[in-house]
Structures are given as C-alpha cells and as structure tokens.
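Below are the chains, spelled out letter by letter.
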Amino acid sequence: MSLSNEQLERYSRHIILKQVGGKGQEKILSGKVLVIGTGGLGAPAAMYLAAAGVGTIGLVDFDVVDLSNLQRQIIHQSQDVGKAKVDSGRETIAAMNPDVKVYTYNELVTAANIKDIIRDQEYDFILDGTDNFPAKFLINDACVMLRKPFSHAGIIRFQGQTMTYVPDAGPCYRCVFREPPPKDAVPTCRQAGVLGVMGGILGTLQATEALKYILGVGELLTGYLLTYDALSMTFRKVKLPRSGDCAVCGEHPSITQLFDYEKPTCEFGK
Amino acid sequence: MKVQVNGEELVLDKPVNIKELLVLAKAEQPDYVTVQKNGQFVERDKFEETVVSEGDTIEFLYFMGGGSR
Ligand SMILES: [Zn+2]
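Scope of this entry: the structure provided in the associated data block. These numbers were taken from a predicted model, which means no experiment stands behind them. (Residues numbered from 1 in each chain as written. Chains lettered and ligands numbered in written order. Predicted model: local features only at pLDDT ≥ 70, side-chain atom pairs only at ≥ 80, totals over all residues. Heavy atoms only, no water.)

**Things to note about the environment of Pro182 of chain A**
You can see Pro182 of chain A is positioned in the loop between helix H8 (173-176) and helix H9 (189-192). Put simply, Pro182 of chain A and Pro134 of chain A are 48 residues apart on the chain and 9.9 Å apart in space, counted from C-alpha to C-alpha. (Helix = DSSP H or I, 4+ residues; strand = E, 2+ residues; numbered from the N terminus.)

**Observations regarding the coordination of the zinc ion**
On the protein side, the zinc ion has Cys172 of chain A (SG), Cys175 of chain A (SG), Cys246 of chain A (SG) and Cys249 of chain A (SG) as donor atoms, found 2.3 Å from it. Around the zinc ion, the 4 donor atoms are arranged such that angles at the metal cover 93 to 121°; this shape is classified as tetrahedral. (Donors = N, O, S within 2.8 Å, 3.2 Å for Na, K, Ca; no water. Tetrahedral: all angles 85-135°; square planar, octahedral: opposite > 155°, others 65-115°.)

**Here's the deal with the interface of chain B and chain A**
With 21 residues of chain B at the interface, the matching set in chain A holds 50 residues. Contact between chain B and chain A buries roughly 2,600 Å² in total, counting both sides, with carbon and sulfur atoms accounting for 54%. Remark: the boundary between chain B and chain A carries 2 salt bridges. The tally of links from chain B across to chain A stands at 7 residue pairs in polar contact (both at pLDDT 80 or more). Each residue belonging to the side of chain B that touches chain A can be placed in one class, and the counts come to 6 nonpolar, 11 polar and 4 charged. (Contact = heavy atoms within 4.5 Å. Buried area = accessible area lost by both parts, 1.4 Å probe. Salt bridge = Lys/Arg side-chain N within 4 Å of Asp/Glu carboxyl O. Polar contact = N/O pair within 3.5 Å; in protein donor to acceptor, adjacent residues only side chain to side chain. Nonpolar A, V, L, I, M, F, W, Y, C, P; charged D, E, K, R; others polar.)

**Topic: the pairing of strand S1 (residues 2-5) of chain B**
All names here are of chain B. By the alternation rule, side chains of S1 split into Val3 and Val5, which are all buried, and Lys2 and Gln4, of which none is buried. Here S1 runs beside strand S2 (residues 8-11); their pairing, made up of 4 bridges, is antiparallel. Among the inter-strand pairings, Lys2 is bridged to a residue of S2, identified as Val11. Between S1 and the antiparallel strand that follows it, S2, lie 2 residues; Asn6 among them carries a positive phi value of about 45°. (Buried < 20%, exposed > 50% of the residue type's maximum accessible area, 1.4 Å probe, protein only. Pairing = 2+ DSSP bridges.)

**Quick word on the sheet that holds strand S6 (residues 159-165) of chain A**
All names here are of chain A. One open sheet accounts for 8 strands, arranged S3-S2-S1-S4-S5-S6-S7-S8; its pairing is mixed. The open sheet has two edge strands, strand S3 (101-105) and strand S8 (234-239), and neither has a second partner. Ignoring strand direction, the axes of neighbouring strands in this sheet form an average angle of 15°. Two strands pair when backbone bridges link them, and strand S7 (residues 224-229) and S8 are joined in this way by 6 bridges, in the antiparallel orientation. Residue pairing for S8: Asp229 is matched across the bridge by Thr234. (Axes fitted to C-alpha atoms, helices over the stretch in contact; angles between N-to-C directions.)

**Section: the nonpolar core**
Residue and element names in this part refer to chain A. Within the largest apolar cluster, 39 residues are counted, with the highest numbers of intra-cluster contacts made by Leu34, Ile114 and Ile126. Of all the secondary-structure elements, those providing two or more residues to this core are strand S1 (32-36), helix H6 (114-120), helix H7 (133-146), S6 and H8. Among the elements that take part in this core, H7 stands out by supplying 9 residues, more than any other. Excluding anything up to four places from it in sequence, Leu34 contacts Gly58, Leu59, Val60, Tyr105, Ile117, Ile118, Tyr123, Phe125, Ile126 and Leu127. In terms of nonpolar packing, the next biggest core, distinct from the first, is built from 27 residues, Val20, Ile57, Ala210 and Leu215 among them. (Core = buried A, V, L, I, M, F, W, Y, C linked by side-chain atoms within 4.5 Å.)

**Some remarks on the packing of helix H4 (residues 42-52) of chain A against helix H10 (residues 197-215) of chain A**
Residues and elements named next belong to chain A. Where H4 meets H10, the axes come as close as 7 Å, and the angle between the chain directions of the two elements is 40°. Between H4 and H10, the angle falls in the class oblique. In terms of crossing hand, the pair formed by H4 and H10 is right-handed. Between H4 and H10, the residues in contact are Pro44, Ala45, Tyr48, Leu49 and Ala52 and Gly199, Gly200, Gly203, Thr204, Ala207, Ala210 and Leu211, respectively. Class assignment for the residues of the contact of H4 with H10 results in 8 nonpolar, 4 polar and no charged. (Parallel < 35°, antiparallel > 145°, perpendicular 65-115°, else oblique. Left-handed = near helix turned anticlockwise from the far one by under 90°.)

**Brief notes about the packing of helix H3 (residues 21-30) of chain A against H10 of chain A**
Residue and element names in this part refer to chain A. Put simply, H3 and H10 touch, their axes get as near as 9 Å, and they point 115° apart. Taken as a pair, H3 and H10 cross one another with a handedness that is right-handed. Contacts between H3 and H10 involve Gly24, Lys27 and Ile28 from the former and Leu211, Ile214 and Leu215 from the latter. In terms of residue class, the contact of H3 with H10 is built from 4 nonpolar, 1 polar and 1 charged.

**Quick look at the sheet that holds strand S4 (residues 34-37) of chain B**
Pairing between the strands of a sheet is mediated by backbone hydrogen bonds and can be parallel or antiparallel. Residue and element names in this part refer to chain B. What the 5 strands build is an open sheet, ordered S2-S1-S7-S4-S5; its pairing is mixed. The outermost strands of the open sheet, each flanked by one partner alone, are S2 and strand S5 (40-42). Strand-to-strand twist of the sheet, defined as the mean angle between neighbouring strand axes without regard to direction, takes the value 35°.

Here it is as structure tokens:
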C-alpha cells in the first residue's frame, strides 16, 4: 500500500511522528478494530479511530438512538433519534473519513454470535464499550479463547477504569473480577448517572490503546488497571497480577465454552 | 499504624483484617470489591484471616459497567 497525496496531507500530523511515519500510517490504514457498543465509550472511540484512518471498523449495537444518549454518545446527532445506532455510527464515520470501511452488526452480542462477529473481518483489536457485566465477561472470554487483544473500560458517575488484555502478556478481565455481580447489585449509568465527558476520556484512552497496538509502539495497559476520578482529577495505575487459577485464561481453565450469564433480551420500549 | 488504601494513607489504631478494613475505609460495594494486598489478590474467603499490617498497600478494585446506554 502506498499513500495517496490526499492521504499524505490528511494524516500529515501522524506521519511527522517518528513512532508513526508513513509505514505506521499504512499499518493504521490496514488495521481492523471491532467496537462493541456504540454508546458513551464506543462513540468517541470509533470517531477517533475513524479520523486516524483505521481502515476497517466494525460497529456492534442492537439499540436505537435515544434522546437521552446524546449527552455523551457524540457519534449520534439529534436527527438520529430513533435510528439504529450502528447506522447512525456508520453515517458519521462515512462523513468523517472516506478511507474507512465500516461493517455493522445490528445485534446484541451473545455466546452464539460473538465469535462469528470477531472472525467476520478477522479484527486485530476489540474495544469493549458495552454497559453491562454479562457482555463484558462474554467479550473477555471470547477474546481469550480466540487469542484477540481487547480493551476493557467502564464509567459511572465521575469515575472510570480501563485495562488492556493481550494474550499471554498479562491478566484478563476475569483474573481481576471473577464473575459478574448479581443483576442490579452494581449501579448502571442509567440508574446512577454519568458525566457525559467520562465516555470521551475513557473511550479515547481505549482508542489510544488500539492505535498503539496496531503500531506496535509504547507500553499498553496490559497488567494494569487505570482508574480515573474526575472529581479529584486523579489517574491511578494499579499493577495487576495474573491469576494462575483464572477460570478462563489460567493453567487449567474451567470455562472452555462461551455462555451467556443472562438470556439475551431486547428491551424495546424501555 | 499506617497503611496505603487506594493510594491514600490510612491510620489505624490496631491491626485489622480485610473485612474490617472494608468498613473502616468505607469501601463501596464491599460485597463485590476485588481486593489486592501488596500486589496480590486476596480471595473473598480469606478476607477475615488476612490481617493488614504496618506499611501494607491495599487496593480496592471496583466493578464499573457503563458505556453503552
Ligand atoms: Zn484471566
């Protein structure tokens, strides 16, 4: 692949970076990232990945745009209310950067479809932007089994956290959080609220990890949980050990098949 | 006696176990928090027998969902 004159100009601020250069930009253009959930985290992540020139972006979401989403899900605009989120996301990306090919999956990720979605374009990196623990554990388990790197993130109120899993390089999400909390034991953004920018901060950190992975530069958040508290304006990087007895990535895994913690339901008209 | 809890110094007048520390340090969701002592995970069934002593570094790691809707 060689860069066109238009691409040399569009990505000039990348190309001038010694860690990127023309070669790195070509890697980004050949990069394939799957964004699961096009909400608070996935929206800004997908937009920065698209602007950066990630050549293949997959968007997974079963939901439609709701007016209450627009406070933080910046890939969707006022006129998109009622539209499928993946369609709204695709339109925004198409207007941003013609170099990006977008694949959409208008469905809920489940044990039955997640491997096929990840394999559909053999994505290099998965970005978890989902809002619920059954999905977060499912994405973790699928990525461990398919040996795919992924970025976890979560946001609530004025707080956020993120970590990056890379096969054989560090702990998975399940090493740290063994199994999902009971339903409604831990509040969701819908119940507890979230400052809109939290998705922007954590989502763009996830996009940064995806780009670093594609470029092979720097140090990923592998083996670390980065936590952010917006009220005290504090970032903390907590070193994580790997659990040798982890149920999915440990030496003798007890989870060898994907499963759903909750029966998938479509909450239309919620 | 001083310990570090999530990066902040906490002064204790006597040694406590993890279960007691969760209360003293006002951990949110104490039933679902992941606890690390000096860089190693402490299993939930070891919370009572694991005593915190001078200079220990404790991390409470919380579940955070959020993101999509
Ligand atoms: Zn693990």
